[in-house]
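Chain residues, written in single-letter form:
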Amino acid sequence: NTTTTTTVSYYYYYYICVFAVVALNDGKNYFDYESHIAHRIHNVGCRRRAIPLKDCFELQQFLKGDNKISAVVDFTSSTGELMEDALDALSGLNPDVYIFVSAGAIYDVVLESDQPLKESDSVRPSGSKRSFYASNNEFGDKMLSSEETLIARGVPYVILRAADLVGPRDTTHRWWQYQLWAEHFTTIGQGFPIPNELSAVPFSLSTGDDVAQAVVKVLQRKKINSVYNIAMEKTFTLPNLLLELCTHLNKEKECYANYNDDIESYYLYPSSHQGILSVEKAKSELGFEPSLWQSVLTTTVEFYRTGKALFSNEKDIVLGRLNKKEKSTDCDSALIPLL
């Protein structure tokens with residue numbers, strides 16, 4: 001299975017305890033992956049962005065064995081070319097289903113639809129409009145190309161379109177940047193930058209547990225050749241999300257936002273701008289139960305609050321990004337001693 005995620009949850013434990021899992025990744029381990037998951041799975045190391053999978057020695061050795069693979073779970077084929085590479089390399093396995101974890105960002109590059117966005121609302125425009133729409137979101141365009149490549153190959157597939165991820169062990173580090181900012185708001189002395197154009201844009205969020213749950217239920221119910229949106233049911237805006245974070249930290253009287261007209265200003269959510277995802281299909285066909293936001297908020301804040309002492313490598317990455325953002329201020333020297 002092609003995966004780099006390290007979320008530890010009931011569904012991931014179910015997944016790795018009930019199934020024999022082989023993880024194909026670049027060998028980078030984040031947070032508490034080593035203590036929670038690594039010893040439960042077989043890892044095959046390969047830097048797939050450096051070399052084609054067919055040239056990966058460890059993978060080829062594994063493929064020579066007598067291995068029956070029930071499913072491939074692919075978190076990393078973020079371009080059509082990478083999907084082609086994976087399908088070519090793994091073609092001899094003949095899995096019952098190839099599960100691709102895609103992104104809600106694909107809705108930025110398709111024809112506009114009513115809210116909330118359904119799985120069928122993924123039709124690209126034709127002719128010259130296609131390239132124009134593709135320019136709305138380069139990442140979404142590439143992810144949709146991956147989906148199209150997978151479907152065109154004719155293998156049994158399921159596509160899970162996740163919204164922006166939030167929660168413990170998020171390797172994008174977006175939430176942790178905002179949480180550190182909120183926790184030390186007075187020291188940083190600068191409001192959260194929010195582009196005016198995005199201040200009222202609604203969006204959805206997903207958790208790693210949401211995705212893990214969907215993977216398990218796809219396997220349990222033996223679903224194939226279908227697409228599902230995976231997200232929480234709460235609707236967010238960036239100001240609302242940041243206010244809830246600050247309120248949870250009892251910082252609501254300190255936090256404030258700086259609204260501006262610069263769409264390029266520093267912001268981390270949302271990565272797509274076409275609205276919220278409908279999860280009715282996943283609930284109906286998979287029995288998907290979206291995470292509850294208040295529980296996610298509490299768990300996430302506590303994880304990163306204690307994580308400052310436990311995960312020094314990840315904390316340094318987050319501080320580096322915050323300090324780079326604040327390079328023109330005194331926050332470089334102020335943040336690091338505090339933490």
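Residues numbered from 1 in each chain as written. Predicted model: local features only at pLDDT ≥ 70, side-chain atom pairs only at ≥ 80, totals over all residues. Heavy atoms only, no water.

Visitor: How do you make sense of the side chain of Asp121 when you look at a structure like this?
Guide: Relative to the assigned elements, Asp121 resides in the loop between strand 4 (97-103) and helix 5 (129-134). A polar side-chain atom of Asp121 sits 3.4 Å from a polar atom in the side chain of Ser113. Discounting residues that sit within four places of it in the chain, Asp121 has contacts with Tyr107, Val110, Ser113, Asp114 and Pro116. (Helix = DSSP H or I, 4+ residues; strand = E, 2+ residues; numbered from the N terminus. Polar contact = N/O pair within 3.5 Å; in protein donor to acceptor, adjacent residues only side chain to side chain. Contact = heavy atoms within 4.5 Å.)

Visitor: Can you walk me through the confidence of the model for the protein in this structure?
Guide: Interpretation of the predicted coordinates at a detailed level should be avoided for regions scoring low in pLDDT. Averaged over every residue, the pLDDT of the protein is 88; the share at 70 or more is 89%. In this model, residues 326-339 is a region of pLDDT below 50 whose contacts with residues beyond four sequence positions or in other chains number 23 contacts. (pLDDT = per-residue confidence, 0-100.)

Visitor: Explain the state of the cysteines to me, please; I cannot follow it from the model alone.
Guide: What makes a disulfide is a covalent bond joining the sulfur atoms belonging to two cysteines. In total, this model carries 1 disulfide according to the counting rule given. Through a disulfide, Cys246 is tied to Cys255; the S-S separation comes to 2.2 Å. Given an S-S torsion of about -90°, the disulfide between Cys246 and Cys255 has left-handed geometry. Both residues of the pair, Cys246 and Cys255, count as buried. (Disulfide = S-S within 2.5 Å. Buried < 20%, exposed > 50% of the residue type's maximum accessible area, 1.4 Å probe, protein only.)

Visitor: Looking at this model, I keep getting lost on the pattern of salt bridges. Mind explaining?
Guide: Overall, the coordinates contain 18 salt bridges when judged by the stated rule. With its nearest N and O atoms 2.8 Å apart, the salt bridge here joins Arg153 to Glu84. Taken as a pair, Arg153 in the loop between helix 6 (138-152) and strand 5 (157-162) and Glu84 in helix 4 (residues 80-90) lie far apart in primary sequence, 69 residues in all. Overall, Arg153 belongs to the partly exposed group, its relative accessible area being 32%. Its salt-bridge partner being Lys308, residue Glu183 comes within 3.5 Å of it at the nearest N-O pair. Of this pair, Glu183 sits in helix 7 (residues 174-183) while Lys308 sits in helix 12 (residues 293-310), placing them 125 residues apart in sequence. With relative accessibility at 13%, the residue Glu183 sits in the buried group. Through salt bridges that share partners, Arg124, Arg130, Asp141 and Glu148 make up one connected network. (Salt bridge = Lys/Arg side-chain N within 4 Å of Asp/Glu carboxyl O.)

Visitor: Would you mind showing me how to read the sheet that holds strand 5 here?
Guide: Strands in a sheet are paired, the pairing made by backbone hydrogen bonds, and the direction either parallel or antiparallel. Taken in spatial order, the 4 strands line up as 3-4-5-9 in an open sheet, and their pairing is parallel. Two strands close off the open sheet at either side, each with one partner strand: strand 3 (71-74) and strand 9 (226-230). Geometrically, the sheet is characterised by an average inter-axis angle of 20° between neighbouring strands, direction not taken into account. Bridge count between strand 4 and strand 5: 6 bridges; the pairing is parallel. Its bridge partner lying in strand 5, Phe100 is registered against Ile159. (Pairing = 2+ DSSP bridges. Axes fitted to C-alpha atoms, helices over the stretch in contact; angles between N-to-C directions.)

Visitor: When you look at helix 6 in this model, what are you seeing that I'm missing?
Guide: Residues spaced three or four apart along an α-helix face the same direction, because each turn holds 3.6 residues. Taking 1.5 Å per residue, 15 residues should reach 21 Å; helix 6 reaches 21 Å between its end C-alpha atoms and fits that length. Within helix 6, burial applies to Gly140, Met143, Leu144, Ser146, Glu147, Thr149 and Leu150. Next to the buried residues of helix 6 lie helix 4, strand 4 and strand 5. Among the residues of helix 6, the N-terminal cap falls to Asn137, whose side-chain oxygen and the backbone nitrogen of Phe139 are separated by 3.2 Å. Backbone geometry just after helix 6 places Gly154 at a positive phi near 80°. (Expected span 1.5 Å × (residues − 1).)

Visitor: Help me out: how do you make sense of the pairing of strand 5 in this one?
Guide: It is a general feature of regular strands that their side chains alternate between the two faces of the sheet. For strand 5, a buried count of 6 out of 6 residues is recorded, marking the element as mostly surrounded by other parts of the structure. Taking every second residue as pointing to the same face, both faces of strand 5 are buried, with Tyr157, Ile159 and Arg161 on one and Val158, Leu160 and Ala162 on the other. Across 5 bridges, strand 5 lies against strand 9 in parallel orientation. If you follow Arg161 over to strand 9, its bridge partner there is Asn229.

Visitor: What should I look at first to understand the packing of aromatic side chains in this one?
Guide: Geometry of an aromatic ring pair is reported as the spacing of the ring centres plus the angle between the planes. For the structure shown, the criterion picks out 17 aromatic pairs. Centroid distance Phe303 to Tyr304: 5.1 Å. Interplanar angle 85°. Geometry classified as edge-to-face. Linked through ring pairs, Tyr178, Trp181, Phe185, Phe192, Tyr256, Tyr266 and Tyr269 together constitute an aromatic cluster. One residue, Lys234, lies across the ring of Phe236, its end atom 5.7 Å from the ring centre. Between the NZ or CZ atom of Lys281 and the centre of the ring of Tyr228, over which it lies, the distance is 5.2 Å. (Phe/Tyr/Trp six-rings, centres within 6.5 Å; stacked < 30°, edge-to-face > 60°. Lys NZ or Arg CZ within 6 Å of the ring centre and 35° of its normal.)

Visitor: Whenever I open this one, helix 10 (residues 238-248) confuses me. Can you help?
Guide: All of the buried residues along helix 10 are Leu238, Leu241, Leu242, Glu244, Leu245 and Cys246. The secondary structure elements touched by the buried residues of helix 10 are helix 7, strand 7 (192-195), strand 8 (205-206) and helix 12. Positioned one or two residues after helix 10, Asn250 has a phi angle of 60°, which is positive.

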